[in-house]
Amino acid sequence: MSRRGGGAARAELAAALAERDRARAELAAAIAERDQARAELASRVETTERLFAIMAHDLRGPLGSMRQLTSMTIEDGDIDAERARELMRAFGLSIDAAYDLLENLLGWVRSQMREIAVLRDRMGLRACLKRVVSWSAGSAAAKGIELRIEPGDEVYVFADERMVEAVARNLLSNAIKFSPRGSVVDLGAWCMNERAALFVRDRGRGIEPGELGRLFSMAERRVALGTAGERGSGMGLSFSQDLALRMGGRIEAESRGGYGSTFTLYLPAEVEGELPCA
């Protein structure tokens, strides 16, 4: 074979090897894409099953309680004022539990389906906290809990007002739920070194260190009764963390068993060239 012929053969071999490597790379990419699609499908199936489990278990509880309370009220006939107040308080707890579950459930489903768009605009964190406190005043008053916003100047951020309010509402709802009767829940907002945050601090029973890492996981959600027997879905914090992450922020929890808890929503230092502290 001539030198020229040998060179052509080597070139053809090199081209064939390159084509083989390209085909292998394409096959590997196709396999990886298939595996990713399978994983996403499995995740969606798991999410759907979890949602049905939540609905079947958690929603049945408060609805069943309301049904039972209604029957008791009808069957009791003439009941005194104290008994009536007792039944109404229990009925109110059941309604609150069902409402909170539906709010978080529908919000979380929408977030998982990517239907929630982040609409950032300039907003005040203290003004947001005032609205949330007004919304939660009834449930706090029922337990004799004082909601106290720490004094200070308004803190302005560029964030999605709906999402921030939903997060703050969930954090305050949890604080009221796990606070003892007659206690105080502090709320506030601050801005330092171009970083903004709002916080909710209670004086409840606190959270053990081993539980802190699992608070925001849907897969490891914990359903605990409040100090007045309130029952939640265990998904509010997971939903709130999802909203925080969508805004480029995060929620952090600090707590010790028996010493209360502080939940803080941190917002990004800069969004689209705008500083949150103004």
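Residues numbered from 1 in each chain as written. Predicted model: local features only at pLDDT ≥ 70, side-chain atom pairs only at ≥ 80, totals over all residues. Heavy atoms only, no water.

## Here's the deal with the sheet that holds strand 5 (residues 195–201)
Note the threshold: Note on pairing: DSSP must find at least two bridges between two strands before they are called paired. Put simply, DSSP H or I for four residues or longer makes a helix, DSSP E for two residues or longer makes a strand, and each gets a number counted from the N terminus. To get an axis, fit a line to the C-alpha atoms, keeping to the stretch in contact for a helix; angles then go from 0 to 180 degrees between the N-to-C directions. Any two residues having at least one pair of non-hydrogen atoms within 4.5 Å are treated as being in contact.
Taken in spatial order, the five strands line up as 2-4-5-7-6 in an open sheet, and their pairing is mixed. The sheet is open, and its two borders are formed by strand 2 (146–149) and strand 6 (250–255), each paired with just one other strand. Averaged over neighbouring strand pairs, the angle between their axes works out to 15 degrees when direction is ignored. As paired strands, strand 5 and strand 7 (residues 261–267) are joined by six bridges and run antiparallel to one another. Within the sheet, the bridge partner assigned to Leu198 lies in strand 7 and is Leu265. Packed onto the sheet, helix 3 (residues 125–142) meets strand 2, strand 4 (184–192), strand 5 and strand 7 and runs at close to 175 degrees relative to strand 2. Docked against the sheet, helix 4 (residues 161–177) engages strand 2, strand 4, strand 5, strand 6 and strand 7, running at close to 30 degrees with respect to strand 5.

## Let's talk about the side chain of Thr262
Worth spelling out the cut-off: Each residue is placed in one exposure class: buried if its accessible area under a 1.4 Å probe, protein chains only, is under 20% of its type's maximum, exposed if it is over 50%, and partly exposed if it falls in between.
Among the secondary structure elements, Thr262 is positioned in strand 7. Look at Thr262 and you get buried, because its relative accessible area is 15%. If sequence neighbours within four positions are ignored, Thr262 has contacts with Phe199, Val200, Arg201, Glu252, Ala253 and Glu254.

## Some words on the packing of helix 4 against helix 6 (residues 236–246)
Selection criterion: In what follows, roughly perpendicular refers to angles from 65 to 115 degrees, roughly parallel to angles under 35, roughly antiparallel to angles over 145, and oblique to any angle outside these ranges. Crossings are classed by handedness, with left-handed meaning an anticlockwise turn of the near helix from the far one by less than a right angle and right-handed meaning a clockwise turn.
Contact geometry of helix 4 with helix 6 gives a least axis separation of 9 Å together with a crossing angle of 150 degrees. Of the possible angle classes, the one that applies to helix 4 and helix 6 is roughly antiparallel. The two elements helix 4 and helix 6 cross, and the hand of that crossing is left-handed. Counted together, Met163, Ala166, Val167, Asn170, Leu171 and Asn174 of helix 4 and Gly236, Leu237, Phe239, Ser240, Leu243 and Arg246 of helix 6 form the full contact between these two elements.

## Examining the packing of aromatic side chains
How we decide: A pair of aromatic rings is counted whenever rings of Phe, Tyr or Trp (Trp by its six-membered ring) have centres within 6.5 Å, and the orientation is called stacked for planes under 30 degrees apart, edge-to-face for over 60 and tilted otherwise.
Scanning the entire structure with this criterion turns up one aromatic pair. Considering the side-chain rings of Trp190 and Tyr266, the 6.0 Å spacing of their centres and the 75 degrees angle between planes classify their relative orientation as edge-to-face. Of this pair, Trp190 sits in strand 4 while Tyr266 is found in strand 7, placing the two residues 76 residues apart along the sequence. Accessibility expressed as a relative area gives 25% for Trp190, which makes it partly exposed.

## Examining the pairing of strand 3 (residues 156–159)
Where burial is concerned, the two faces of strand 3 differ: the one with Val157 and Ala159 is buried and the one with Tyr156 and Phe158 is not. Two strands pair when backbone bridges link them, and strand 1 (residues 121–124) and strand 3 are joined in this way by four bridges, in the antiparallel orientation. In the strand pairing of strand 3, Asp121 is matched with Ala159.

## Here's the deal with helix 4
Under the convention used in this document: To estimate how far a helix should extend, the number of its residues minus one is multiplied by 1.5 Å.
Taking 1.5 Å as the rise per residue, helix 4 with 17 residues should run 24 Å; its terminal C-alpha atoms sit 24 Å apart, in good agreement. Residues Met163, Val164, Ala166, Val167, Ala168, Asn170, Leu171, Leu172, Ala175, Ile176 and Lys177 constitute the buried set of helix 4.

## Concerning the nonpolar core
Let me state the cut-off plainly: Here, nonpolar core refers to any group of buried Ala, Val, Leu, Ile, Met, Phe, Trp, Tyr and Cys residues whose side-chain atoms link them within 4.5 Å.
If you look at the biggest cluster of nonpolar residues, it comprises 38 residues, and the most contacted ones within it are Leu125, Leu147, Val164 and Leu172. Secondary structure elements with two or more residues in this core: helix 3, strand 3, helix 4, strand 4, strand 5, helix 6 and strand 7. It is helix 4 that contributes the most residues to this core, nine residues altogether. For Leu125, the residues in contact, after removing those within four places along its chain, are Glu154, Val155, Val157, Val164, Ala189, Ala196, Ala197, Leu198 and Leu267.

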